Amino acid sequence: MARHLVATGQLIDEDPAEALAHALAARRLASRISAVREAVGLAAYHAGEWQSAIAELRTYHRMTGLQSHLAVLADCERALGRPERAIDLYRGADQEKLDQAVAIELLIVAAGARGDLGQKDAAVAMLQVPDLTSETAAPWTARLRYAYADALLAVGRREEAREWFSRAADVDTEGETDAAERLLELDGVVIEGDEEDETEEIAAGPGTPGAVPAQPDTDLTAGDDADEDDPDGDEDFDDEDEDFDDDEEDGVTGRLAQDADRVDAEDVDGDDEDVDGDDEDVDGDDEDDVLAPETDDSSPALTTPADDGGRVVSGDGTDPVRGDEPESTQR
């Protein structure tokens, strides 16, 4: 399971589809570990599987009590054509309990949802927050300024938009946005040969669905969570039919494990014998113990020592199991 999570973290930016496949494999092994559900949700988001991302991240929030991926959830709602739900998530969030980075990203997504609804002036007004003009650059400052510039451009305030694209480019040392390219575009400068790359970068801007930088809360190896959820170190694979979000996880691994346990209980020595529950081979020595038939004199049946081949004799030393005896007295 941990190996699948590590592969998810390594591939999530380069090959989201393959990262999602690894995350789903980890979920099949340990669906009750919160870090696994988080990894599936984020991988699904990067792969454009919006509905799956919503289901998994909501499950993660219920399991942990955290609200660290509200911006991702709101962005998925926008991508599914439900901007009203994105705005509702923003309104219903407890801003005081949210991490500042999450709060800013949620604000950006909510402003984008306003734009989706045609409320472009409202989007501009939403983004006019104190963090926008803060002199101290925070990790989210470039993205906030970029979103504000984009909103200004959408309402036709071109000169102001140029100014804020310029201010976003000044603090974007990590290259999170394409603010510099947008600035050149506004100035009428076109770089030959980069048209396709420019289109892709613009599509991935902060105001577009699928552009929220989603970082997991926990290490994708899930070592700490695995120890917390399973203190003795062995995950109960036969309980995997429990599914917190009532999705289509059907616990196939759990059923296979139960079938294996049932087969082992019926055939302990593994030789495919004694599966009908009769009285043969009850002492575990792989030899069949023959029970003594009832005799008329009610003499107790005794088993001879090993040198007599384990035959059953009656009290007078005779062997009642003979070919010339009636069929009713033979086994």
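For the structure, check the block above.
Fair warning: this is a prediction, and the values are worked out from it, not measured in the lab.

S.K.: Help me out: how do you make sense of the overall build of the protein in this one?
M.R.: Summing up its helical and strand segments, the protein has 14 helices and two strands in all. For the protein, the proportion of its 331 residues judged to be buried stands at 35%. Taking the intrachain contacts of the protein between residues at least 6 apart in sequence as the baseline, contacts between residues at least 24 apart amount to 53%. By element, 46% of the accessible surface of the protein is carried by carbon and sulfur atoms, the whole surface being about 19000 Å².

S.K.: Would you mind showing me how to read helix H6 (residues 83–92) here?
M.R.: Residues of H6 that are buried include every one of Pro 83, Ala 86 and Ile 87, and no others. An end-on view of H6 places all buried positions within 95° of arc, on one side of the element. Each element contacted by the buried residues of H6 is listed here: helix H5 (70–79) and helix H7 (100–116).

S.K.: Explain the nonpolar core to me, please; I cannot follow it from the model alone.
M.R.: For soluble globular proteins, the rule of thumb is that nonpolar side chains tend to be buried together. Grouped together as the largest cluster of nonpolar side chains are 29 residues, with contacts concentrated most on Tyr 45, Leu 70, Val 72, Cys 76, Leu 98, Leu 106 and Val 212. Considering each element in turn, this core owes the most residues, six residues, to H5. Among all residues touching Val 72, those that are not within four sequence positions of it are Tyr 45, Leu 57, Val 212 and Ala 214. Grouped together as the second largest cluster of nonpolar side chains are 25 residues, Ala 110, Trp 140, Ala 147 and Leu 152 included.

S.K.: What is the right way to look at the layout of surface pockets in this model?
M.R.: To find the voids left in a structure, one rolls a probe of water-molecule size over its atoms. One number sums up the size of the largest pocket: a volume of about 520 Å³. As for the largest pocket, its lining consists of 22 residues, of which Asp 13, His 46, Val 212, Pro 213 and Ala 214 are closest to the centre. At four residues, helix H3 (residues 34–46) tops the list of elements feeding residues into the lining of the largest pocket. Within this model, the second largest pocket holds a volume of roughly 330 Å³. Taken together, 18 residues form the lining of the second largest pocket, with Ala 101, Val 102, Glu 105, Pro 213 and Gln 215 sitting closest to its centre. If you list the elements that add at least two residues to the lining of the second largest pocket, you get H5 and H7. Examining the composition of the lining of the second largest pocket, we find that three residues originate from one element, H7, more than from any other. Taken together, the residues of the lining of the second largest pocket sort by class into 10 nonpolar, three polar and five charged.

S.K.: Whenever I open this one, the pattern of salt bridges confuses me. Can you help?
M.R.: Side chains bearing opposite charge may pair, as long as their charged atoms lie close to each other. A complete count under the given rule lists 13 salt bridges for this structure. Across the pair Arg 157 and Glu 160 runs a salt bridge whose closest N-O atoms are separated by 2.9 Å. In this structure Arg 157 comes out as partly exposed when scored by relative accessible area, which is 31%. For Glu 160, a relative accessible area of 33% puts it in the partly exposed group. Here Asp 187 and Arg 162 are joined by a salt bridge, their closest N and O atoms 2.8 Å apart.

S.K.: What exactly am I supposed to notice about the packing of aromatic side chains here?
M.R.: Ring pairs (aromatic) are described by centroid distance and by the angle formed between their planes. The full count for this structure, using the stated rule, is three aromatic pairs. Between Tyr 45 and Trp 50, the ring centres sit 5.8 Å apart and the planes meet at 70°, which makes this aromatic pair edge-to-face. Its relative accessible area of 2% is what places Tyr 45 among the buried residues. Relative to Trp 164, the ring of Tyr 148 has its centre 5.3 Å away and its plane inclined at 85°; by these criteria the two rings are edge-to-face. Here Tyr 148, found in helix H9 (residues 141–154), pairs with Trp 164, found in helix H10 (residues 158–171); they are 16 residues apart in sequence, far enough to count as distant.

Cut-offs applied
Residues numbered from 1 in each chain as written. Predicted model: local features only at pLDDT ≥ 70, side-chain atom pairs only at ≥ 80, totals over all residues. Heavy atoms only, no water. Helix = DSSP H or I, 4+ residues; strand = E, 2+ residues; numbered from the N terminus. Buried < 20%, exposed > 50% of the residue type's maximum accessible area, 1.4 Å probe, protein only. Contact = heavy atoms within 4.5 Å. Areas by Shrake-Rupley, 256 points an atom, 1.4 Å probe, with all protein chains shown as cover. Arc of directions from axis to C-beta. Core = buried A, V, L, I, M, F, W, Y, C linked by side-chain atoms within 4.5 Å. 1 Å grid on protein atoms, 1.4 Å probe; cavity = no way out; pocket = protein on both sides within 12 Å on 5 of 7 lines; lining within 4 Å. Points joined across faces, edges and corners; volume = space filled by probe spheres on them. Nonpolar A, V, L, I, M, F, W, Y, C, P; charged D, E, K, R; others polar. Salt bridge = Lys/Arg side-chain N within 4 Å of Asp/Glu carboxyl O. Phe/Tyr/Trp six-rings, centres within 6.5 Å; stacked < 30°, edge-to-face > 60°.

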